[in-house]
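Structure at a glance
Read off the chains here:
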Amino acid sequence: GSPAQAVNGVTFTAPNAEKWTPAEKPNYGSMGWRLQDKGKLGYMFVFPTDHKASIKAIGNQMVAPTLRGPPGVQILQYKLGDDQDDMELIVLAKSPQIAPETFDSATTGGQGNRLTSRQWYRKVKQNGKEALVMAVVAEGKMADELRPEVEAFFNSVKIA
């Protein structure tokens, strides 16, 4: 795809339109895409520069115990830097229904972790501004297969 400017303060190249369709009603002025394969979990989102969320705060929220007990999260990568912050984690399922638990589930009324997922978060930092990018896919073979697409999308995000 070509660079797009549909999110305030951010340019990016949208994921492959043959595999990813625009997500319905994304929150916070973001744009998102959903993997088209039926029954397979896959989402990617980019947020505007005025959406204030830090990788550190998201990480703390993801690993905090809740009334349901311990979080069941494995952090694979956590790196804070001058130009970008990155976090990759596995969120383990706690019940059998298919619906991911993401960083904003506490606000949006998450259902608990019902599917083991791989999640990537990046905070792109340029010219004193920051933009959050995230992706969530089913854990396992699919996460490995989709990693290059997630990385390409993340690497395309720049502050406008």
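Structure shown above.
In short, a report on the structure.

About the cut-offs
- Residues numbered from 1 in each chain as written.
- Predicted model: local features only at pLDDT ≥ 70, side-chain atom pairs only at ≥ 80, totals over all residues.
- Heavy atoms only, no water.
- Pairing = 2+ DSSP bridges.
- Helix = DSSP H or I, 4+ residues; strand = E, 2+ residues; numbered from the N terminus.
- Buried < 20%, exposed > 50% of the residue type's maximum accessible area, 1.4 Å probe, protein only.
- Contact = heavy atoms within 4.5 Å.
- Expected span 1.5 Å × (residues − 1).
- Bend = angle between axes of the 7 residues up to and from the residue.

Quick notes on the pairing of strand 6 (residues 73–80)
Here is the key point about a regular strand: its side chains alternate between the two faces of the sheet. Here seven bridges tie strand 6 to strand 7 (residues 84–91), and the two strands are oriented antiparallel to one another. When the sheet's bridge partners are listed, Val73 is paired in strand 7 with Val91. A loop of three residues connects strand 6 with strand 7, the two strands running antiparallel in sequence.

Brief notes about the environment of Phe154
Relative to the helices and strands, Phe154 is located in helix 3 (residues 141–156). Given a relative accessible area of 3%, Phe154 falls into the buried group. Spatially, the C-alpha atom of Phe154 lies 8.0 Å from that of Met134, the residues being 20 residues apart in sequence. When near neighbours in sequence (up to four residues on either side) are disregarded, Phe154 contacts Trp120, Tyr121, Arg122, Val133, Met134 and Ala135.

Regarding helix 3
In a regular helix each residue adds 1.5 Å, so 16 residues correspond to 22 Å; helix 3 covers 24 Å between its end C-alpha atoms and thus fits that length. At Arg147, helix 3 shows its largest bend, some 45°, and a proline, Pro148, comes one to four positions later. Every buried residue of helix 3 is listed here: Met142, Ala143, Leu146, Val150, Phe153, Phe154 and Ser156.

Regarding the environment of Asn27
Secondary-structure assignment places Asn27 in the loop between strand 3 (20–22) and strand 4 (31–35). When the C-alpha positions of Asn27 and Phe47 are compared, they lie 8.8 Å apart, and in sequence the two are 20 residues distant.

A closer look at the pairing of strand 9 (residues 129–138)
Where burial is concerned, most of strand 9 is hidden: eight out of the ten residues are buried. Across ten bridges, strand 8 (residues 117–126) lies against strand 9 in antiparallel orientation. The partner of Gln119 across the bridge, within strand 9, is Val136. Where strand 8 hands over to strand 9, the hairpin turn is made up of two residues, of which Asn127 adopts a positive phi near 50°.

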